[in-house]
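# Understanding the architecture of this molecule
What follows is the residue order along each chain.
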Amino acid sequence: MRTYSSAIALALLLAGLAAADIPFQKQAVREAIVPHGQFEGARGTCSVVYYNICSGWIWVWSPFTGRDAREADQIGVVFDLPEDCNMEPGSECLNLGFWWYWRYTVPGWGYTLSYHLWNADENNCKIGPAVGALLRQDPVERWNYYPGLGWTASDYVAITATMDRGALPYWVTDNNWKNAAAPIRCEGWPGPIEKHSFIFGEGYEGTICPTYYLGDGMGPVQFLMDASFESQGIAIEPASWGTIKSLFR
């Protein structure tokens, strides 16, 4: 029964991968996304959110490519900590934890994810070896919480997810097209923001630089993922990007 079900699932998956001139297939989905829990932290804690789901619509992306199911199977989010977290440049910070939203998960079937924390540069490229890692995590449907990945003194950091088998789960981003049309524009929606969500390459080493980003014609889209950082170097101000973006979730 398990083999039969797996074969059906794979056939349906392949049927959805029509030939296209883009490496990944996307589908618009309307979904009531239940907010996840909040991070606990001391003064000097910042949670950064780049996605915007004010319309209730998302894009769901297949991680397959046109030529090779493992051509580009590491994705991630780059955080600009001085800009978006009010962090003093060069100050040391701790990644407290992060949430990531996945669809079409199949727990127990080996479609696991490995997460890494990296130092990055202003071009959104990873620098040096990974700072921390969580290997072969078996995701459940929708929100998944993971503990922090370590310390860094880099102004830019990337948290990546590598599809260990290169086929599942599907990636999820916000949807600019629907945000712009709901009903005229989502109230307070600032429009597509700068690029923060990227495709880094194949496997753990994923070395595409400059990185690729996903978009929907209106501009960059962002993975449904957010992270919390703690540092004595965070300047406490009335609002930061992390605070502001949380208002539009």
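As a reminder, the structure under discussion sits directly above these lines.
This write-up is about the structure you can find in this document. If you're wondering where the values come from, they're calculated on a predicted model, not measured in any experiment.

Reading across from one edge, 1-3-10 is the order of the three strands in this open sheet, with antiparallel pairing throughout. Here the strands that pair on one side only, and so sit at the sheet edges, are strand 1 (26-30) and strand 10 (171-174). The mean angle between the axes of side-by-side strands here comes to 35 degrees, regardless of whether they run parallel or antiparallel. With five bridges connecting them, strand 1 and strand 3 (residues 57-61) associate as antiparallel partners. Bridging across to strand 3, A28 finds its partner in W59.

On to the environment of P220, then. Within the secondary structure layout, P220 lies in the loop between strand 12 (212-213) and strand 13 (225-230). Here P220 falls in the buried class, since its relative accessible area comes to 15%. C-alpha of P220 to C-alpha of P192: the two residues are 28 residues apart in sequence and 6.1 Å apart in space. What P220 contacts, discounting residues up to four positions off in sequence, is N176, P192, I193, E194, K195, Y213, L214 and G215.

Procedures and definitions
- By convention here, each chain's residues receive numbers from 1 onward along its written sequence.
- It should be noted that, the model being predicted, local features are given only for residues of pLDDT at least 70 and side-chain atom pairs only at 80 or more, the latter also being counted only at that level, while totals for whole chains, interfaces and linings use all residues.
- In computing side-chain values, all of the structure's heavy atoms are included and hydrogens and water are not.
- Paired strands are those between which DSSP finds at least two bridges.
- The way it works is that DSSP assigns letters per residue, a run of H or I at least four long becomes a helix, a run of E at least two long becomes a strand, and they are numbered from the N terminus.
- To define axes, lines are fitted to C-alpha atoms, for helices over the stretch in contact only, and angles between the resulting N-to-C directions are given on a 0 to 180 degree scale.
- Type-normalised accessible area, obtained with a 1.4 Å probe on protein chains alone, sets the label of each residue: buried when under 20%, exposed when over 50%, and partly exposed for intermediate values.
- Here, two residues are considered to be in contact whenever any of their heavy atoms come within 4.5 Å of each other.

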